[in-house]
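# Remarks on the overall topology
Next come the chains, spelled out residue by residue.
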Amino acid sequence: MIVTERPEPWHRRTRRFLRATDQRGELVRGARFLRGLVPGDPLARSTGRSSDRLARLFAEAGADRPSATRELGLAAVQAWQAVRRSGGHPVSADGITVLFTDLVGFSTWALQAGDERVLELLRSVGEVTESVVTGHRGTIVKGLGDGVMAVFADPGEAVNAAYETCSAVSVIKAEGYLPHLRAGLHRGNPRRVGDDYLGVDVNIAARVMAAADGDEVLASGSVVDELDPGAVIVRPRRSFRAKGTPKDLRVYRVVPRYSNS
């Protein structure tokens, strides 16, 4: 009796061929070279954006073996992030508005909540914040753990984004913690360095935010002076004091008039 081996199915042969090709040293080196020509690193930080999550998926897929496909995928994400960074920052001849946000009481809760619950909350807050900020033509500059720094060309859009972000975060559910975001705004001419902004105006915005209570938006006089008086309710924060800010700095609590506050 003659036993003949059945030929290997074509789809298995094809899969084996493609895998071997994907792992060929010259192709992997070429893909890495191309990726090296694109500025940035898609794995350098995580802001919660979809492109960051896609980069992680590419990096984790078959991480135990070389892959030209993985390198090319990371290069594509890297290029997309570079385009967003270069074209996403606001340009304004008379200055920009800097926004800082922060979760009130987060650190105390995070110490006993555990990493899984902490990360789940931060992801939810990050997604809400990015959606609102970009919806008001702003750009998130960087994540700050439990808050963000963002910039806007239009101060009115910045106020609306800050207020709506605080409102949206307040309805996020977290076991043992009620999220309350605070926000601070200041308008000026900070120096742009790469993807970041530096200078006194950035520091002032951070100090203004630190003085806010949960669910409160504070803005300096440089922001309020540019707002439509009919579009916001403005109340002076007379007790404001902060190290590193001008002595004559005016700070106000601002609420868009479309609200019921």
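Attention in this report is confined to the structure presented alongside it. Worth saying up front: this structure is predicted, and the values here are computed from it rather than measured.

## Brief notes about the pattern of salt bridges
Taken as a whole and judged by the stated rule, the model has nine salt bridges. The partner of Arg 182 in a salt bridge is Asp 102, and the shortest N-O contact between them spans 2.9 Å. Here Arg 182 is found in strand E4 (residues 181-188), whereas its partner Asp 102 is found in strand E1 (residues 96-103), with 80 residues between them in sequence. There is no split in this pair, since Arg 182 and Asp 102 are both buried. Residue Asp 225 is joined to Arg 250 by a salt bridge in which the shortest nitrogen-to-oxygen separation is 2.8 Å. A residue pair is termed long-range when its members are at least 10 positions apart, and Asp 225 in the loop between helix H9 (221-224) and strand E8 (232-236) and Arg 250 in the loop between E8 and strand E9 (251-256) qualify at 25 residues. One connected set of salt bridges, linked through shared partners, spans Asp 213, Glu 216, Arg 237 and Arg 253.

## Concerning the packing of helix H6 (residues 115-135) against helix H7 (residues 155-169)
Where H6 meets H7, the closest approach of the two axes is 9 Å, and the angle between their N-to-C directions is 150 degrees. By the criterion of interaxial angle, the relationship of H6 to H7 is roughly antiparallel. Here H6 runs over H7; the crossing is right-handed. Between H6 and H7, the residues in contact are Val 125, Val 128, Thr 129, Val 132 and Val 133 and Ala 161, Glu 164, Thr 165, Ala 168 and Val 169, respectively.

## Description of the sheet that holds strand E3 (residues 148-152)
The seven strands are arranged E2-E3-E1-E4-E7-E9-E8 in an open sheet whose pairing can be described as mixed. Edge strands, defined here as strands with exactly one partner in the open sheet, are strand E2 (139-143) and E8. When the angles between neighbouring strand axes are averaged without regard to direction, this sheet yields 25 degrees. Pairing of E2 with E3 involves four bridges; the strand directions are antiparallel. Note that in E3 the partner of Lys 142 across the bridge is Met 149. With respect to the sheet, helix H8 (residues 200-210) is in contact with E1, E3, E4, strand E7 (217-220) and E9, its orientation differing from that of E4 by roughly 150 degrees.

## Let's talk about the layout of surface pockets
If you add up the space inside the second largest pocket, you get close to 180 Å³. Lining the second largest pocket are 13 residues, and of these Phe 240, Arg 241, Lys 247, Leu 249 and Arg 250 lie nearest its centre. Across the lining of the second largest pocket, the residue classes break down as seven nonpolar, one polar and five charged.

## Describing helix H5 (residues 106-113)
Within H5, burial applies to Phe 106, Trp 109 and Ala 113. The arc that holds every buried residue of H5, seen down its axis, measures 70 degrees, which confines them to one face. Along H5, the residues that are exposed and aim more than 90 degrees away from the buried face are Ser 107, Thr 108, Leu 111 and Gln 112. On its buried face, H5 sits against E1 and H6. Once H5 finishes, Gly 114 follows within two positions and takes phi at roughly 95 degrees, a positive value.

How each quantity is defined
- Residues numbered from 1 in each chain as written.
- Predicted model: local features only at pLDDT ≥ 70, side-chain atom pairs only at ≥ 80, totals over all residues.
- Heavy atoms only, no water.
- Salt bridge = Lys/Arg side-chain N within 4 Å of Asp/Glu carboxyl O.
- Helix = DSSP H or I, 4+ residues; strand = E, 2+ residues; numbered from the N terminus.
- Buried < 20%, exposed > 50% of the residue type's maximum accessible area, 1.4 Å probe, protein only.
- Axes fitted to C-alpha atoms, helices over the stretch in contact; angles between N-to-C directions.
- Parallel < 35°, antiparallel > 145°, perpendicular 65-115°, else oblique.
- Left-handed = near helix turned anticlockwise from the far one by under 90°.
- Contact = heavy atoms within 4.5 Å.
- Pairing = 2+ DSSP bridges.
- 1 Å grid on protein atoms, 1.4 Å probe; cavity = no way out; pocket = protein on both sides within 12 Å on 5 of 7 lines; lining within 4 Å.
- Points joined across faces, edges and corners; volume = space filled by probe spheres on them.
- Nonpolar A, V, L, I, M, F, W, Y, C, P; charged D, E, K, R; others polar.
- Arc of directions from axis to C-beta.

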